[in-house]
Amino acid sequence: MQLSFCKRYIPYSLSILRLGLPIVIAQLGLIIQSIADTVMIGQYGTYELSAASFTNNLFNLTYFFLLGYSYGTTPVIGYNYGKNDDVAVGRTLKESLIGNVSLSLIISLLLYLIYLNISLLHQPEELIPYIKIYFILLLYSMPLIGMFNSLKQFCDAVGDTKTPMWIMLIGNIVNIICNALLIFGLLGFPEYGIMGAGIATLLSRIVMCIGICFVICMKKTYKVYISNLKSRFTYKGLWHITKIGLPISCQLSLEAAAFNVSAIFMGWLGVGELAAHQIACTIGTVCFTIYYGIGAAVAIQISHARAVNNWSEIKTISVVGYIMTTCSAVLMSGILFIFITPLVSLFTPDMNVARIVFSLMPAFFVYQFGDSLQIVYANCLRAIEDVNKLLLYSLIAYGLISIPLGYIFAFCLEWKAPGVWWALPFGLTTAGILFCRRFYNQLATPRHISPKA
């Protein structure tokens, strides 16, 4: 029995690790960058940390929306790559770039309107000057994010997850070095505080965007696709990507909204609660990164299997992905339980903030299992291009369950900060169950999810 299990599942596990490990490393690099930002800003001042927390949570909503749209590229390119259709791969890349950059410009305009009316969000008055200067610097980099996301998903879809990994790691190093120089004014540089953190983030994104463009243009394996960028742009192809990408964007944005609204609730509770929320979210993103890497690798493999109509293999890949994410949730929860005290001390010397972080940990550990479940099956649904129900399920899980419960627990039941976080497991687990049920129902009728382009 064990031998049969190993023969069936271990090859898929190794393949998922081969594709997913570079994605995990790249995303962990981003988390290290985020942790470095939080630690450095936290050491500089609590007001700066709270302002960065609020601004980052607000921007995370747009980052996830742009990322979700770029996910519409992966199953289409992955399918065409599995069919060895180089012309279609190149054309889809062109359409993806147009769509992603255009969407990022539209979102930039909307964010600027929020910037002009930031006081309407009722954050502590003393934080507004810090929020505004950090906000505008992050706003400048939005078109760069759209371009980079498109190119990264292209690389991932053709099985090259290492190139984006190296580019992202280089960008992270640039960001950390610039943070140290510009926040604290080391080595003769001006001491800019939170503005220095914003400048460092902008510079790192410029480096990443230029870097991935350069590698794709110079790498021999990509020349056939680059030559096909001259293929005629089609509105049908752009619309096909958009029909896949927008529901994913909405799903990711609603998930992010559960955390962003939680940040607003924390701001109502106080500056210390908001700072604690940022620390807990930063730690939690480490776990999310591992689940995301596994889920992304699962999506790539399923898109390739779909190209040859191997639905039995698709089911096996999904089962292996679920097992791997669940084991990862158990492992990460255990590690964090052991090391949470020294870890929190890295972020802040403020004992009141640390105490609030510790009060969030029971809910933090519980939500890991719902988070891992919803990530892997959301990726499975994206890979088979069955994304229309993602929006409905996310509205139920986050809009009707997680966010209202956060308010009820925190303010009506007066659980305060822990109450905001206890709402998250309910929303994430509901989403995971709904995604899982939808995916296996669709596998029973694969003819209904064949690609239309």
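Calculation notes
Residues numbered from 1 in each chain as written. Predicted model: local features only at pLDDT ≥ 70, side-chain atom pairs only at ≥ 80, totals over all residues. Heavy atoms only, no water. Axes fitted to C-alpha atoms, helices over the stretch in contact; angles between N-to-C directions. Helix = DSSP H or I, 4+ residues; strand = E, 2+ residues; numbered from the N terminus. Parallel < 35°, antiparallel > 145°, perpendicular 65-115°, else oblique. Left-handed = near helix turned anticlockwise from the far one by under 90°. Contact = heavy atoms within 4.5 Å. Nonpolar A, V, L, I, M, F, W, Y, C, P; charged D, E, K, R; others polar. Phe/Tyr/Trp six-rings, centres within 6.5 Å; stacked < 30°, edge-to-face > 60°. Buried < 20%, exposed > 50% of the residue type's maximum accessible area, 1.4 Å probe, protein only. Lys NZ or Arg CZ within 6 Å of the ring centre and 35° of its normal. pLDDT = per-residue confidence, 0-100. Expected span 1.5 Å × (residues − 1). Bend = angle between axes of the 7 residues up to and from the residue. Salt bridge = Lys/Arg side-chain N within 4 Å of Asp/Glu carboxyl O.

Engineer: How would you summarise the packing of helix 7 (residues 162–184) against helix 8 (residues 194–218) if you had to cite specific residues and measurements?
Structural biologist: Where helix 7 meets helix 8, the axes come as close as 8 Å, and the angle between the chain directions of the two elements is 155 degrees. Classified by the angle their axes make, helix 7 and helix 8 are roughly antiparallel. Our pair here, helix 7 against helix 8, has a crossing hand that is right-handed. Counting all contacts with helix 7, which are made through Thr 163, Ile 167, Met 168, Ile 170, Gly 171, Val 174, Asn 175, Cys 178, Asn 179, Leu 182 and Ile 183, the residues of helix 8 involved are Gly 196, Ala 197, Ile 199, Ala 200, Thr 201, Leu 203, Ser 204, Val 207, Met 208, Gly 211, Ile 212 and Val 215. Residues that form the contact of helix 7 with helix 8 fall into these classes: 15 nonpolar, eight polar and no charged.

Engineer: How would you explain the packing of aromatic side chains if you had to name every residue and give the values?
Structural biologist: Tallied over the full model, the rule gives 26 aromatic pairs. Between the aromatic rings of Phe 364 and Phe 365, the centroid separation amounts to 5.7 Å while the plane-to-plane angle is 80 degrees, which identifies the pairing as edge-to-face. On the accessibility criterion, Phe 365 (17% relative accessible area) is buried. Over the ring of Tyr 115 we find Lys 132; its NZ or CZ atom is 5.2 Å from the centre of that ring.

Engineer: Break down the confidence of the model for the protein for me, with residues and values.
Structural biologist: Mean pLDDT over the protein stands at 84; residues scoring 70 or higher make up 94%. Counting contacts from residues 448–453, a segment whose pLDDT is below 50, to residues more than four positions away or on other chains yields twelve contacts.

Engineer: I'd like to hear about helix 10 (residues 235–269), residue by residue, with values.
Structural biologist: Taking 1.5 Å per residue as the helical rise, helix 10 with its 35 residues ought to reach 51 Å, and the 48 Å between its terminal C-alpha atoms agrees with that figure. In the structure, helix 10 departs most strongly from a straight axis at Ala 257, where the bend amounts to approximately 25 degrees. The element helix 10 is extensively covered by neighbouring structure, given that 25 of its 35 residues are classed as buried.

Engineer: Give a detailed account of the pattern of salt bridges, specifying residues and quantitative values.
Structural biologist: Going through the model one piece at a time under the given rule, you end up with five salt bridges. Between Glu 385 and Arg 306 there is a salt bridge, and its shortest N-O distance comes to 2.8 Å. Within this pair, whereas Glu 385 is found in the loop between helix 13 (351–383) and helix 14 (388–412), its partner Arg 306 is found in helix 11 (residues 271–307), the two being separated by 79 residues in sequence. What makes Glu 385 buried here is its relative accessible area of 16%. Looking at Arg 306, the relative accessible area reads 1%, which means it is buried. Across the pair Asp 386 and Arg 438 runs a salt bridge, and its minimum N-O distance is 2.8 Å. Of this pair, Asp 386 sits in the loop between helix 13 and helix 14 while Arg 438 sits in helix 15 (residues 417–443), placing them 52 residues apart in sequence.

Engineer: Report on unusual backbone geometry, specifying residues and quantitative values.
Structural biologist: For Glu 385, which is not glycine, the phi torsion reads 60 degrees and is therefore positive. For Lys 416, which is not a glycine, the phi torsion comes out positive at approximately 60 degrees. Assessed through its relative accessible area of 53%, Lys 416 is described here as exposed.

Engineer: Run through the environment of Ala 26, naming residues and quoting values.
Structural biologist: Mapped onto the elements of the fold, Ala 26 is located in helix 1 (residues 2–44). Taking the C-alpha atoms as reference, Ala 26 lies 7.3 Å from Pro 164; in sequence the two are 138 residues apart. Residue contacts for Ala 26: discarding those within four places in its chain leaves Pro 164, Met 165, Met 168 and Asn 172.

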